[in-house]
Amino acid sequence: MSEYQVNERGYYGDFGGAYIPEMLYRNVEELRRQYLGIIQSEEFKREFDQLLTDYVGRPSPLYPATRLSERYGANIFLKREDLNHTGAHKINNTIGQILLAERLGKRRIIAETGAGQHGVATATVCALKGLQCVVYMGAVDMKRQAPNVARMKMMGAEVIAAESGSKTLKDATNEALRDWINNPVDTHYIIGSVVGPHPYPDMVARFQSVISAETRKQLLEKTDRETPDYAIACVGGGSNAAGMFYHFLDEPLVKLIAVEAAGKGVHSGESAATTVLGREGVLHGSRSILMQTDDGQVVEPYSISAGLDYPGIGPQHAWLYKTGRATYASATDDEAMQAGLLLTKLEGIIPAIESAHALAQLEKMTFKGNENVVICLSGRGDKDLDNYMNYFGF
Amino acid sequence: MNRINKLFADSGDKRILSIYYTAGYPTLDSTLTIAETLEKSGADFLEIGFPYSDPVADGPVIQHSSEVALRNGMTLHVLFEQLSKLRDRVHIPVLLMGYVNPVLQYGIDRFCQSCKAVGVDGVIVPDLPMYEYEAQYRAIFEANGLSNIFLVTPQTSEERIRKIDGLSTSFIYLLSSSATTGKNLSVSEDTAAYFSRIQQMKLKNPVVVGFGISNRDTFLRATDYTDGAIVGSAFVRLLDEANYLEKVPAFIQQLKEVTDGH
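Keep in mind that what you see is a predicted model, and the values were worked out from it rather than measured.

## Looking at the interface of chain A and chain B
- In this assembly, 36 residues from chain A lie in contact with 39 residues from chain B.
- Where chain A abuts chain B, roughly 2900 Å² becomes buried across the two surfaces, and 48% of that area is made up of carbon and sulfur atoms.
- Summed over the shared surface of chain A and chain B, the result is two salt bridges.
- Between Lys170(A) and Asp54(B) there is a salt bridge, with the nearest N and O atoms lying 2.9 Å from each other.

Right, here's the structure in full:
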């Protein structure tokens, strides 16, 4: 048993657990008792793998980025999650959870979404399976991400505006939890990141672990070694990073780097760099590190990237941070935007601004030559064109 | 015997009425004045909520009161400062109710000690689950003579209810349905059957119903099967009205009018 994986009590070291009100106990407990049995069954794995192949388009390529490699003096590989159906890694998790929900006999699916990527990925799998879908989205985010709202509606989802609090991702998550409390029998909540009460962080990480499972095979073909020297991914809640790190956690020679969003500067007051600004506490059902006041009130984060705009990180990340197994770095809005533009010009790939935060880390590293670096390109930048246009004035 | 146990021991056939409201709402210093007024008006015990930015078990009314209270500057430090005069002015049992994160930041030991120092009798922390309570917090609560109150919902299994009954030291908080706060009590036969099922379990602790109790009708229906009921959102709504303090006695009286005797 890896010291970096969840234990039977639902903890990663000091972090995790299931801090939920009694109203959610039965649903979460049902999930806890059943998730491993279901997702490890041959029949589940067959359908999961088949959908990832035929529907999502996996395996996603591991692309050796030649011009980027020349620029930074290392062998840089991009794990192309941006080429998945719906344009990001989010669908790996929603495919897994929809198959699980079916096997639990649930007929109604709820989800939260920030930028809309997880909402779209959830609406997609609900259309695929003919299940009712309700997505909670902050009222502010609905205005900022109108095309994703339209996509969800086209697929038959009902999109409900979260009008509480700051009307963004944190509040959408609160509304989804309230919906689940009020619909305790027929509903499954598809959480979009490695957050929430146990077993969600572990379950979502397992579904996303396909990223590093494929990476190992692809690296072996391309470099004769299954492991890279570095694996780099951006972190909001942390699901693409959890998937990218999963099969390297117990390989001490692989240096893991998670990149948080520093917004307008880590200490500018407009930032989402949780490991720097946060302290230990409980949010959305698990003990982790979160941005909060001295009185324990959750602080609203900021990032130009809506997908990284979350005041906490998953409990596994909190543990990787505390133990030093992974390094938590950060990139500002400006650094991420420049890195996104650089990738576009050098490789003809427009990354999501989330993923551009991971790319920005390259500027801050010095390589010994011939080192192998894998970066998780978690999503494509189509959804961010407005942002790129406004920022660069195209 | 602590105040809560004494209240239930002495209550006989009386239907116990508890009122919930949010500390620091509608104004920062309204906390104690409201408590005093409620006691004078006939409330049997009080639940004072300490606000949290992300109250996932609460509906719109208590979300709103929490937001306003936070804007008014309410924190646990401020609340304990206000409550330092609690027992000069209020004699009925008082519980604090809120979410776990502010308690963790304040410090769990310090929180329990502060409760004891100001004369708070018990605590309701909905997102502190039984498992964590037993493993990490029970000893600290008990050392300070503080009751921890657990929730039971229609989905809670009999086995789990028995366990909760074993861990509880004052009363069990029975949710009228699986719902966030501020919904109306269902009139369905299911609800009556659920109350009746709990009644027939003959638990060692008194049972008090909360969530969805808003008027005399719902109060009576809930307490036909149980020892008491809690009114929260309906009372918090009253606090929005002009001259709300003057309206508290009538609000309590209409609930209690025929509350004596089952």
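Picking up after the structure, the text goes on.
## Quick word on the UniProt feature "modified residue: N6-(pyridoxal phosphate)lysine" (unreviewed entry) in chain A
All names here are of chain A.
- When the UniProt feature table is mapped to this numbering, "modified residue: N6-(pyridoxal phosphate)lysine" (unreviewed entry) covers Lys90.
- Of note, lysine 90 is situated in helix α4 (residues 90-103).
- Ignoring sequence-local partners within four residues, the contact set of lysine 90 consists of Gln117, His118, Ala121, Gly192, Ser193, Gln208 and Ser239.

## Section: the sheet that holds strand β4 (residues 122-124) of chain B
Residues and elements named next belong to chain B.
- Taken in spatial order, the nine strands line up as β5-β4-β3-β2-β1-β9-β8-β7-β6 in an open sheet, and their pairing is parallel. Each having just a single partner strand, β5 (147-148) and β6 (151-152) make up the two edges of the open sheet.
- Bridge count for strand β1 (residues 16-22) against strand β9 (residues 228-231) is four bridges, and the pairing is parallel. When the bridges of β9 are listed, isoleucine 16 appears paired with glycine 228.
- On top of the sheet, helix α10 (residues 189-200) reaches β6, β7 (172-175) and β8 (207-210); it is set at about 160° to β7, its chief contact.

## Observations concerning the UniProt feature "active site" (unreviewed entry) in chain B
All names here are of chain B.
- Sites flagged by UniProt as "active site" (unreviewed entry) map to Glu47 and Asp58. The subset of these annotated residues that lines the second largest cavity comprises Asp58.
- Tracing the backbone through its elements, the reader meets glutamate 47 in strand β2 (residues 45-49).
- Look at glutamate 47 and you get buried, because its relative accessible area is 0%.
- If sequence neighbours within four positions are ignored, glutamate 47 has contacts with Ser18, Ile19, Tyr20, Tyr21, Leu95, Met97, Ile124, Tyr173 and Ile230.

## A few points about the sheet that holds strand β6 (residues 132-138) of chain A
Residue and element names in this part refer to chain A.
- Strand order in this open sheet of four strands is β7-β6-β5-β8, and the pairing throughout is parallel. With one partner strand each, in any of the chains shown, β7 (158-162) and β8 (187-189) form the two edges of the open sheet. Strand after strand, the sheet turns through a mean of 25° between neighbouring axes, direction not considered.
- In this sheet, β6 lies alongside strand β5 (residues 108-113) in parallel orientation, the contact comprising six bridges.

## Concerning the UniProt feature "domain: Tryptophan synthase beta chain-like PALP" (unreviewed entry) in chain A
- According to UniProt, the positions carrying the feature "domain: Tryptophan synthase beta chain-like PALP" (unreviewed entry) are residues 57-379 of chain A.
- As annotated, residues 57-379 of chain A has a helix share of 40% and a strand share of 21%, and its two end C-alpha atoms lie 14 Å apart.

## Considerations on the pairing of strand β11 (residues 279-283) of chain A
All names here are of chain A.
- As judged from the five bridges shared by β11 and strand β12 (residues 286-290), these two strands associate in the antiparallel manner. Among the inter-strand pairings, valine 282 is bridged to a residue of β12, identified as arginine 287.
- From the end of β11 to the start of β12, which pair antiparallel, there are two residues, and histidine 284 there has a positive phi angle of about 50°.

## Things to note about the pattern of salt bridges
- Throughout the structure, instances matching the rule amount to 41 salt bridges over all chains.
- For Glu363(A), the salt bridge goes to Arg71(A), with nearest N and O atoms at 3.7 Å. Of this pair, Glu363(A) sits in the loop between α15 (353-360) and β14 (372-377) while Arg71(A) sits in helix α3 (residues 66-72), and the two are 292 residues apart along the sequence.
- For Arg3(B), the salt bridge identified is with Asp121(B), shortest N-O distance 2.6 Å. Placement of Arg3(B) in helix α1 (residues 3-10) and of Asp121(B) in the loop between α7 (108-118) and β4 is noted, with a sequence separation of 118 residues between them.

## Considering helix α10 (residues 210-223) of chain A
Residues and elements named next belong to chain A.
- Along its 14 residues, α10 runs 19 Å from first to last C-alpha, staying within 8% of the 20 Å computed at 1.5 Å per residue.
- For α10, the set of buried residues is Val210, Ile211, Ser212, Glu214, Thr215, Arg216, Gln218 and Leu219.
- Phi turns positive one or two residues past the end of α10, at aspartate 224, with a value near 70°.

Definitions and cut-offs
Residues numbered from 1 in each chain as written. Chains lettered and ligands numbered in written order. Predicted model: local features only at pLDDT ≥ 70, side-chain atom pairs only at ≥ 80, totals over all residues. Heavy atoms only, no water. Contact = heavy atoms within 4.5 Å. Buried area = accessible area lost by both parts, 1.4 Å probe. Salt bridge = Lys/Arg side-chain N within 4 Å of Asp/Glu carboxyl O. UniProt positions renumbered as here; feature names shortened; annotations may be inferred. Helix = DSSP H or I, 4+ residues; strand = E, 2+ residues; numbered from the N terminus. Pairing = 2+ DSSP bridges. Axes fitted to C-alpha atoms, helices over the stretch in contact; angles between N-to-C directions. 1 Å grid on protein atoms, 1.4 Å probe; cavity = no way out; pocket = protein on both sides within 12 Å on 5 of 7 lines; lining within 4 Å. Buried < 20%, exposed > 50% of the residue type's maximum accessible area, 1.4 Å probe, protein only. Expected span 1.5 Å × (residues − 1).

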